[in-house]
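# Coordinates in review
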Amino acid sequence: MLRLGLFFIAITIFSLLTISIGAAKALLVKAFISGPGSTIDDQAQKWHQNYKDNGDYNESWFFIVHTNDGGLLIATVYITNLGLNTFDAGYDIAYYDSKGKFAKCHQEYSCKHIRTAKTGFDIQIGRSHIYKQNGNYHLWVDEAELGLDLILTPELPAHQFGNGQIKLPDKKFFALGLNTPRARAAGSLHAQNITANLAGLAQHDHSWGTEKLPTLLKRWQTLRIFSPELTLILYDQKLSDEYNNMRVQTGLFVVHHGNNKKYDLVSLNSFQYLPQKMRREPNSDYEYPTTITISAAGGNYKIQGTIKQSRFLDAVDVLSEISWPVRTAIRIFYAKPYCLRYFGDYQLDIIKENKTTKHISGTAILEANIYN
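Residues numbered from 1 in each chain as written. Predicted model: local features only at pLDDT ≥ 70, side-chain atom pairs only at ≥ 80, totals over all residues. Heavy atoms only, no water.

## Things to note about the pattern of salt bridges
Applying the stated criterion to the full structure yields 15 salt bridges. A salt bridge links Asp285 to Arg280; its shortest N-O distance comes to 3.6 Å. Judged by relative accessible area, Arg280 falls into the partly exposed class, the value being 45%. Glu367 is the partner of Arg341 in a salt bridge, and the nearest nitrogen-oxygen pair spans 3.3 Å. In this pair, Arg341 sits in strand β22 (residues 338–352) while Glu367 sits in strand β23 (residues 357–370), placing the two residues 26 residues apart along the sequence. For the pair shown, Arg341 and Glu367 are each scored as buried. Salt bridges linked by common partners bring Asp56, Lys172, Glu211 and Lys212 together as one network. (Salt bridge = Lys/Arg side-chain N within 4 Å of Asp/Glu carboxyl O. Buried < 20%, exposed > 50% of the residue type's maximum accessible area, 1.4 Å probe, protein only. Helix = DSSP H or I, 4+ residues; strand = E, 2+ residues; numbered from the N terminus.)

Structure follows, in structure tokens:
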């Protein structure tokens, strides 16, 4: 009994120390501080090669397009040290049409297949090319199972939240910026079972850092709305136990004024993102919100309303390309990352300070990235 008592005392002390260390780490986290937001130059958008020798380095360029005919393209190009082989690169592409068909492409390449320009944003990985030319962003892919030619013409300038980083202890960080919060998309996609016109509205962001995302994050929920009257992007992040479950919120909303290209942009570091109903997704066994109320305010405006799931798209198993024994070990001892993607119907009010209200409705794009 004495040994059992000592064992439980030791466990209690260890737990308290773990909580104390997590609380201490949380106090050292500084998330997107120093100002409401700013623009980003081309040098910040390119590949940050100076971090490639860091064992926890990861960097990605993310493209999302909501097409005029109701489809959705999500493409991520990445360079990382987090794979089973040191210093990997590749891309993941998924397209979902409005009728339930989809096409996917996952490719990995070694570092010898990375080529980049000495200046500016221009990177080739395997049979892909991302670059900026004449103010437009381009993504080109030519694989056997999928071809893609995408051009984004920005309607809003590049945007950085505060100083652009979550600064972490031990000089670690996670950086995030919007190369374009809203762009006009054009191009096409073709795969074995589907051909798509990519005309629509889009967003392109860029992140890089020196902390493994499953170590940094427990959950990352994203909401995107592109309407004639409003651009809304909300990132709601819950950090891991190691960082004391700290909550980090960033985002922006843009109120557009007709076709004259005038707008009011508000950068956010807090907002209300409140789940009202939850659903357990069977493949991942994770819960995610199917009904959400939101509220965000800044400048002369307040945005508030409700989003309800209208169509579930996908439960992406991030570890699906890894062999079963290794995947099982990672899930048991480290993380079980999934990305849940779905559409939602939104009902929102745009309230100006003089109390005038404009009601809008449409389709929102939602993602729940869950790591643990």
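Next comes the rest of the write-up.
## Quick word on the pairing of strand β9 (residues 136–142)
The element β9 is largely enclosed, with a buried count of five among its seven residues. Looking at chain direction, strand β8 (residues 128–133) and β9 are connected through six bridges and run antiparallel. Paired with Ser128 across the strands is Val141, a residue of β9. Linking β8 to β9, which pair antiparallel, is a turn of two residues; within it Asn134 sits at a positive phi near 55°. Two strands pair when backbone bridges link them, and β9 and strand β10 (residues 146–154) are joined in this way by six bridges, in the antiparallel orientation. Within the sheet, the bridge partner assigned to Leu139 lies in β10 and is Leu150. The loop that links β9 with its antiparallel partner β10 comprises three residues. (Pairing = 2+ DSSP bridges.)

## Notes on the packing of aromatic side chains
Using the criterion set out here, one finds ten aromatic pairs in the structure. A ring pair is formed by Phe121 and Tyr137, whose centres lie 6.1 Å apart and whose planes are at 55°; its orientation type is tilted. Remark: Tyr137 occurs in strand β9 and Phe121 occurs in the loop between β6 (114–116) and β7 (122–125); sequence separation between them is 16 residues. By relative accessible area, which is 2% here, Tyr137 ends up buried. (Phe/Tyr/Trp six-rings, centres within 6.5 Å; stacked < 30°, edge-to-face > 60°.)

## With respect to the environment of Trp47
Relative to the assigned elements, Trp47 resides in the loop between α2 (42–45) and β2 (58–67). Once the C-alpha coordinates of Trp47 and Tyr78 are considered, the two residues, 31 residues apart in sequence, prove to be 9.8 Å apart.

## Section: the environment of Ser361
The topology assignment puts Ser361 in strand β23. Judged by relative accessible area, Ser361 falls into the partly exposed class, the value being 46%. The spatial distance from the C-alpha of Ser361 to the C-alpha of Thr306 is 9.8 Å, given a sequence separation of 55 residues. If near-sequence neighbours (up to four positions away) are discounted, Ser361 is found in contact with Tyr346 and Gln347. (Contact = heavy atoms within 4.5 Å.)

## Considering the confidence of the model for the chain
Residues at a pLDDT of 70 or more form 88% of the chain, whose mean pLDDT is 87. Across residues 1–22, where pLDDT falls below 50, the model places five contacts with residues more than four positions away in sequence or in other chains. (pLDDT = per-residue confidence, 0-100.)

## Some remarks on the side chain of Glu211
Within the secondary structure, Glu211 is located in the loop between β14 (200–209) and α3 (213–216). In this structure the side chain of Glu211 is engaged in a polar contact, spanning 3.5 Å, whose partner is the side chain of Lys172. (Polar contact = N/O pair within 3.5 Å; in protein donor to acceptor, adjacent residues only side chain to side chain.)

## Here's the deal with the side chain of His159
Positionally, His159 belongs in strand β11 (residues 159–167). A polar contact is formed between the side chain of His159 and the side chain of Ser267, at a distance of 3.1 Å.

## Notes on the layout of surface pockets
Of the pockets and cavities examined, the largest pocket occupies roughly 1700 Å³. Around the largest pocket, the lining comprises 50 residues; the ones closest to its centre are Thr76, Tyr78, Asp92, Leu213 and Val318. Approximately 380 Å³ is the volume attributed to the second largest pocket. Taken together, 15 residues line the second largest pocket, and the ones lying closest to its centre are Glu155, Arg182, His256, Gly258 and Lys261. Those elements that place two or more of their residues in the lining of the second largest pocket are β12 (173–191), β17 (247–257) and β18 (262–268). (1 Å grid on protein atoms, 1.4 Å probe; cavity = no way out; pocket = protein on both sides within 12 Å on 5 of 7 lines; lining within 4 Å. Points joined across faces, edges and corners; volume = space filled by probe spheres on them.)

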